[in-house]
Amino acid sequence: MPGALDGQLALVTGASRGIGAAIAEALAREGAHVVLTARTGSALEEVEERIHEVGGSATIAPLDLTDGDSIARLGAAISGRWEALDLLVLNAAMLGSLAPVQAVESKEFNRVMTLNLLAQQAMIATFDAMLRKSKRSRVLALTSSVGRHPRAYWGAYGASKAALETLLLSYAEENRNFPSPKVAIVDPGATATKMRASAFPGEDPTTVKPASAVAEAVMEMLRTGFETGHRLEVRG
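The text that follows walks through the structure, step by step, so that each part is easy to find. Treat the numbers as computed from the prediction; the structure is a model and nothing was measured. (Residues numbered from 1 in each chain as written. Predicted model: local features only at pLDDT ≥ 70, side-chain atom pairs only at ≥ 80, totals over all residues. Heavy atoms only, no water.)

This next bit is on the pairing of strand β1 (residues 9–13). The buried fraction of β1 amounts to five of the five residues, a majority that puts the element mostly inside the structure. Along β1, one buried face is formed by L9, L11 and T13 and the opposite face, lined by A10 and V12, is buried too. Pairing analysis gives five bridges linking β1 to strand β2 (residues 33–38), with the strands arranged parallel. Across the sheet, the residue bridging to L11 is V35, located in β2. (Buried < 20%, exposed > 50% of the residue type's maximum accessible area, 1.4 Å probe, protein only. Helix = DSSP H or I, 4+ residues; strand = E, 2+ residues; numbered from the N terminus. Pairing = 2+ DSSP bridges.)

At a minimum axis distance of 10 Å, the contact between helix α3 (residues 70–79) and helix α4 (residues 106–132) shows a crossing angle of 20 degrees. As summarised for this structure, α3 and α4 are arranged roughly parallel, according to the angle between their axes. Seen along the crossing, α3 lies across α4 with a hand that is right-handed. Judged by residue contacts, I71, L74, G75, I78 and S79 of α3 engage A119, A122, M123, T126, F127 and M130 from α4. A per-class count over the contact of α3 with α4 returns eight nonpolar, three polar and no charged. (Axes fitted to C-alpha atoms, helices over the stretch in contact; angles between N-to-C directions. Parallel < 35°, antiparallel > 145°, perpendicular 65-115°, else oblique. Left-handed = near helix turned anticlockwise from the far one by under 90°. Contact = heavy atoms within 4.5 Å. Nonpolar A, V, L, I, M, F, W, Y, C, P; charged D, E, K, R; others polar.)

A few words now on the nonpolar core. For soluble globular proteins, nonpolar side chains are generally found buried alongside one another. Among the nonpolar cores identified, the biggest contains 37 residues, and L27, L36 and L140 are the most heavily contacted of them. Elements with a contribution of two residues or more to this core: β1, α1 (18–29), β2, α2 (41–53), β4 (87–90), β5 (138–142), β6 (182–187) and α7 (211–224). Core analysis: the second largest hydrophobic core is formed by 28 residues, L9, I124, M130 and L164 among them. (Core = buried A, V, L, I, M, F, W, Y, C linked by side-chain atoms within 4.5 Å.)

Before going further, it helps to spend a moment on unusual backbone geometry. The amide bond that connects S180 to the next residue, P181, takes the cis arrangement and shows omega of 5 degrees. Looking at the secondary structure, you find P181 in the loop between α5 (155–174) and β6. Unusually for a residue other than glycine, Y153 sits at a positive phi of about 75 degrees. You can see Y153 is positioned in the loop between β5 and α5.

With that out of the way, let us pick up the sheet that holds β1. Reading across from one edge, β3-β2-β1-β4-β5-β6-β7 is the order of the seven strands in this open sheet, with parallel pairing throughout. Edge positions in the open sheet fall to β3 (57–62) and β7 (230–233), since each of these has one partner strand only. When strand polarity is set aside, the average angle formed by the axes of neighbouring strands in this sheet is 15 degrees. Bridge count between β2 and β3: six bridges; the pairing is parallel. Pairing of T37 across the sheet is with A61, part of β3. Strand contacts of α4: β1, β4 and β5, with the helix running at about 175 degrees to β4, the strand carrying the most contacts.

In this section: the side chain of T143. Relative to the assigned elements, T143 resides in the loop between β5 and α5. In this structure T143 comes out as buried when scored by relative accessible area, which is 5%. Of note is the side chain of T143, whose polar atom sits 2.7 Å from the side chain of E165. In contact with T143, other than residues within four places in its own chain, are K161, E165, I185, V186, D187, P188 and R231. (Polar contact = N/O pair within 3.5 Å; in protein donor to acceptor, adjacent residues only side chain to side chain.)

This part is about α1. The terminal C-alpha atoms of α1, which comprises 12 residues, lie 17 Å apart, in line with the 16 Å expected from a rise of 1.5 Å per residue. Of all 12 residues in α1, 10 are buried; the element is thus mostly enclosed. Of the residues making up α1, those classed as buried are I19, G20, A21, A22, I23, A24, E25, A26, L27 and A28. Positive phi appears at G31, one or two residues downstream of α1, with a value of about 105 degrees. (Expected span 1.5 Å × (residues − 1).)

Mapping A72 onto the fold places it in helix α3. In this structure, the C-alpha to C-alpha distance between A72 and F127, residues 55 residues apart in sequence, is 9.4 Å.

What follows is the structure in structure tokens.
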């Protein structure tokens with residue numbers, strides 16, 4: 001049976017593990033060709049292999065989104081092979097250290113903001129033209145509840161996610177009267193990922209949902225459609 005995304009091109013950042021890998025694999029099962037990006041090439045190869053094992057198709061692009069002109073080079077490579085981009089999933093992020101605001105180390109704070117915010121804007125700027133060439137492109141950005149509800153010691157990460165949400169929702173408003181791209185914010189909630197294990201080292205990962213549950217919620221949103229500026233909160 002044809003998938004819901006047959007013939008479409010998707011680009012997923014932070015796709016080597018966790019939520020990014022789960023979303024990438026779900027997209028491939030629905031027929032999309034998925035470009036996988038992350039820093040670790042070997043981990044990307046494992047995700048690519050799993051996609052191929054179930055009859056899907058994928059291309060890996062190992063890179064560090066904060067490294068110089070890496071995003072520009074990625075854009076040139078993808079636009080040189082495909083005309084349009086149907087789905088951009090902005091998942092790559094870093095937690096940084098959990099600390100009081102006055103104790104946040106400036107260099108680390110800069111790294112958090114560079115990846116979680118500045119690189120996301122650079123991705124949109126680089127792929128905007130390709131997104132507009134798709135008849136119904138979509139941009140999804142992964143966020144966190146701390147972007148809306150500040151929590152002690154989470155100031156740096158929370159600030160980066162609050163800024164990301166403002167950036168993406170502004171992009172949504174700028175394109176509200178156009179057929180594409182449509183923009184959605186995805187708050188995955190408590191999910192068993194490596195990042196969450198770093199934040200809650202004593203937590204039993206079996207007590208929170210797996211990344212595959214987030215991927216399925218995202219797929220359901222894509223199947224049913226959404227208005228630009230939509231916020232998906234995945235609970236359970």
